[in-house]
Protein chains: 2
Amino acid sequence: MHQVMIDTDILEANEQMADHNRGHFKEHGVYVVNLMSAPGAGKTSVLEQTINRIKDDYRLGVIEGDLMTTIDADRISALGVPSYQITTGTVCHLDAKMVHSALYSFKIDDLDLLFIENVGNLVCPAEFYLGEDLRVMVYSTVEGADKPKKYPMMFHESKAVLLNKIDLLPYSGVSLDELRRKVLEVSPETIIFPVSCRTGEGIDEWIAWLEWRIASA
Amino acid sequence: MHQVMIDTDILEANEQMADHNRGHFKEHGVYVVNLMSAPGAGKTSVLEQTINRIKDDYRLGVIEGDLMTTIDADRISALGVPSYQITTGTVCHLDAKMVHSALYSFKIDDLDLLFIENVGNLVCPAEFYLGEDLRVMVYSTVEGADKPKKYPMMFHESKAVLLNKIDLLPYSGVSLDELRRKVLEVSPETIIFPVSCRTGEGIDEWIAWLEWRIASA
């Protein structure tokens, strides 16, 4: 199919640019986390919770990806962390070139840890590497238990899944056990952190793991 | 940008195919609804609720779009309605060609009303016309109030927004008024139906409006 061939070319070019970014990050000692999810699963809330707990320990930066608006970058800036908003227009994911351009807005030597919040989408962000060290997914308990089977690449690609909004589990129609099982059926090695950005439950475990990953890099 | 130019070609070719589908639907007197949303907003639940109320009044068919699995088509078949699952592989939206191919699986003269449930994604489905008469979006109250501003095309393109999961409003951190206002700020002519597929609240109003649209076509 014509369309798929074009996609392959685009993906190859993207991977070259991602490698370029990766070299850049390594050279400057920056650890990079690509945060992905469906729209509204809570990526920015996870970032807020995370930043509030670790901002004295790491020099942080955040790149935000959205089709439009600077809503998310403004939320991050309000925490005193440098942030840059990429607006993709009609493009449903970030790519390595967009991230490369955004890097000129940071003093990269001033950063230890860079979060990239991708466009809310369970499909294409999984296909476009950005040069990150770690891919993490946020999966909301109210999205239903069928998402791992329906979007397996996103789950395969994520070293960790933050199972967010566990405070809504009593109203979600599914149990934590079922959600866990469905994730592991598709991606047995994924680490799952049940969290609630509203109550703060589980955030410390996620951060302890993240810090261990950074220290082991 | 190279990528955007390719997209334009693809979109033009898609629109020609969508027109072809549209002619086909008109000729056979089939009314077609394209249902779009983020992953997990409740499109299939809306279809189940809708089908159960109108299946004696219309001869129905459903095309389901997902990257993988036949979970949704199986849910629809269980209601005694003919359904066909398009699995898109890595493609994040349905296009007119996929729908055209799927039509060979139905006796189109046996249908009055065809629902097409798109891939869960707030971006690309809005760009790809399928030949439908009506585009309807499902927006879950727990996705946050910033989605209309972040994904304006999806809201512009939808004649109606089903604001689903209103039973979760007490836990969503936003009010119905705020969600309504945010939708109307971006798309002032969109009709909003607050519904809950769990309790059935609001579904009758949505169906009354849908029946009016079909009768006026």
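Refer to the structure printed above.
Source: prediction; values computed, not measured.

Undergrad: Would you take a moment to explain empty space enclosed by the protein for this structure?
TA: Empty pockets left among the atoms are what a rolling probe the size of a water molecule brings to light. A full pass over the atoms with the stated rule returns two cavities of 30 Å³ or more. Reported here for the second largest cavity is a volume of approximately 70 Å³. In terms of lining, the second largest cavity is formed by 15 residues, of which the most central are Pro39 and Glu143 of chain A together with Pro39, Ser140 and Glu143 of chain B. Looking at the lining of the second largest cavity residue by residue, the class counts come to seven nonpolar, four polar and four charged.

Undergrad: Whenever I open this one, the pattern of salt bridges confuses me. Can you help?
TA: Side-chain pairs of opposite charge can arise where the charged atoms are in close proximity. Tallied over the full model, the rule gives 24 salt bridges over all chains. For Glu132 of chain A, the salt bridge identified is with Arg135 of chain A, shortest N-O distance 2.7 Å. Classification of Glu132 of chain A as buried rests on a relative accessible area of 6%. What makes Arg135 of chain A buried here is its relative accessible area of 5%. A salt bridge links Asp167 of chain B to Arg198 of chain B, with the shortest nitrogen-to-oxygen separation between them at 3.4 Å. In this pair, Asp167 of chain B sits in the loop between β6 (160–164) and α7 (169–172) while Arg198 of chain B sits in the loop between β7 (191–194) and α9 (203–216), placing the two residues 31 residues apart along the sequence. Here the residues in one salt-bridge network are Asp66 and Asp72 of chain A together with Asp146, Lys147 and Lys150 of chain B, joined through shared partners.

Undergrad: What am I meant to see in the interface of chain A and chain B here?
TA: How big an interface is tends to be stated in terms of accessible area lost as the parts join. Listed by partner, the interface residues are 38 residues for chain A and 39 residues for chain B. Taken together, both faces of the contact between chain A and chain B bury some 3300 Å²; the carbon and sulfur share is 63%. Between the two partners, chain A and chain B, sit four salt bridges. Residues Asp66 of chain A and Lys150 of chain B are paired through a salt bridge, measuring 3.6 Å at the closest nitrogen-oxygen approach. On the surface where chain A and chain B come into contact, there are eight residue pairs in polar contact (both at pLDDT 80 or more). Where the side of chain A that touches chain B is concerned, the elements lending two or more residues are α1 (2–27), α3 (71–77), α5 (147–150) and α7 (169–172) of chain A. Of the residues contributing to the side of chain A that touches chain B, the split by class is 18 nonpolar, nine polar and 11 charged.

Undergrad: Is there a simple way to explain the sheet that holds β6 of chain B in this structure?
TA: One key point about sheets: their strands pair by backbone hydrogen bonds, in either a parallel or an antiparallel sense. Residues and elements named next belong to chain B. A sheet is described by the order of its strands in space; here seven strands give the open sequence β3-β2-β4-β1-β5-β6-β7, paired in parallel fashion. Since the sheet does not close on itself, it has two edges, and those belong to β3 (83–87) and β7, each with one partner. Averaged over all adjacent pairs, the angle separating strand axes in this sheet is 20°, with direction ignored. Bridging between strand β5 (residues 134–140) and β6 involves five bridges; their strand directions are parallel. Among the inter-strand pairings, Val138 is bridged to a residue of β6, identified as Leu162. Sheet strands touched by helix α2 (residues 43–54): β1 (31–37), β2 (60–66), β4 (113–117), β5 and β6. Its angle to β4, the strand with the most contacts, is close to 165°.

Undergrad: In this structure, what is going on with the relation of the copies chain A and chain B? I would like to understand it.
TA: A rotation about an axis combined with a shift along that same axis relates the two copies of the chain. For the pair chain A and chain B, the best superposition has an RMSD of 0.0 Å and corresponds to a rotation of 180° with a translation of 0.0 Å parallel to the axis. Expressed as a symmetry operation, the mapping of one chain copy onto the other fits a two-fold axis. Within chain A, the C-alpha atom positioned nearest to the axis of rotation is that of Asn121 of chain A, 3.0 Å from it. Looking at the interface residues of chain A, 100% of them are also at the interface in chain B, so both copies use one shared face.

Undergrad: Where do I start with the environment of Gly131 of chain A in this structure?
TA: Residues and elements named next belong to chain A. For Gly131, the position within the fold is in the loop between β4 (113–117) and β5 (134–140). By relative accessible area, Gly131 is classed as buried at 1%. As a C-alpha pair, Gly131 and Met17 span 114 residues in sequence and 7.9 Å in three-dimensional space. Residues contacting Gly131, with those up to four places away along its chain left out, are Ala18, Asn21, Arg22 and Phe25.

Undergrad: Whenever I open this one, the pairing of strand β3 (residues 83–87) of chain A confuses me. Can you help?
TA: Every other side chain in a regular strand lies on the same face of the sheet, so the side chains alternate between the two faces. Residues and elements named next belong to chain A. Here strand β2 (residues 60–66) pairs with β3 via five bridges, running parallel. Looking across to β3, one finds that Gly65 is bridged to Ile86. A crossover links β2 with its parallel partner β3, the connecting element being α3, and its sense is right-handed.

Undergrad: How should I be thinking about helix α8 (residues 176–186) of chain B in this particular structure?
TA: For the α-helix, the turn length of 3.6 residues means that residues three or four positions removed from each other point alike. When we look at burial in α8 of chain B, the residues that qualify are Leu179, Val183 and Val186 of chain B. All buried residues of α8 of chain B lie within an arc of 70° about the axis, which places them on one face of the element.

Undergrad: Can you help me understand the packing of aromatic side chains in this one?
TA: Any two aromatic rings considered together are summarised by their centre-to-centre distance and by the angle between their planes. Applying the stated criterion across every chain, the model contains 10 aromatic pairs over all chains. Centre to centre, the rings of Phe193 of chain B and Trp209 of chain B are 5.5 Å apart; their planes meet at 55°, and the pair counts as tilted. On the criterion of sequence distance, the pair formed by Phe193 of chain B in strand β7 and Trp209 of chain B in helix α9 is long-range, its members being 16 residues apart. Here Phe193 of chain B and Trp209 of chain B have matching classes, each one buried. An aromatic cluster of at least three residues, connected via ring pairs, comprises Phe193, Trp206, Trp209 and Trp212 of chain A.

Undergrad: In this structure, what is going on with the packing of helix α2 (residues 43–54) of chain A against helix α9 (residues 203–216) of chain A? I would like to understand it.
TA: Residue and element names in this part refer to chain A. Where α2 meets α9, the closest approach of the two axes is 11 Å, and the angle between their N-to-C directions is 70°. Here α9 runs roughly perpendicular to α2, going by the angle between their axes. With respect to the hand of their crossing, α2 and α9 are arranged in right-handed fashion. Every residue of α9 that contacts α2 at Val46, Gln49, Thr50, Arg53 and Ile54 is listed here: Ile203, Asp204, Trp206, Ile207, Leu210 and Glu211. Per-class residue counts for the contact of α2 with α9 are six nonpolar, two polar and three charged.

Here is what the cut-offs are and how they apply
Residues numbered from 1 in each chain as written. Chains lettered and ligands numbered in written order. Predicted model: local features only at pLDDT ≥ 70, side-chain atom pairs only at ≥ 80, totals over all residues. Heavy atoms only, no water. 1 Å grid on protein atoms, 1.4 Å probe; cavity = no way out; pocket = protein on both sides within 12 Å on 5 of 7 lines; lining within 4 Å. Points joined across faces, edges and corners; volume = space filled by probe spheres on them. Nonpolar A, V, L, I, M, F, W, Y, C, P; charged D, E, K, R; others polar. Salt bridge = Lys/Arg side-chain N within 4 Å of Asp/Glu carboxyl O. Buried < 20%, exposed > 50% of the residue type's maximum accessible area, 1.4 Å probe, protein only. Helix = DSSP H or I, 4+ residues; strand = E, 2+ residues; numbered from the N terminus. Contact = heavy atoms within 4.5 Å. Buried area = accessible area lost by both parts, 1.4 Å probe. Polar contact = N/O pair within 3.5 Å; in protein donor to acceptor, adjacent residues only side chain to side chain. Pairing = 2+ DSSP bridges. Axes fitted to C-alpha atoms, helices over the stretch in contact; angles between N-to-C directions. Least-squares fit on C-alpha atoms with pLDDT ≥ 70 in both. Right-handed = clockwise from strand over helix to strand, strands pointing away. Arc of directions from axis to C-beta. Phe/Tyr/Trp six-rings, centres within 6.5 Å; stacked < 30°, edge-to-face > 60°. Parallel < 35°, antiparallel > 145°, perpendicular 65-115°, else oblique. Left-handed = near helix turned anticlockwise from the far one by under 90°.

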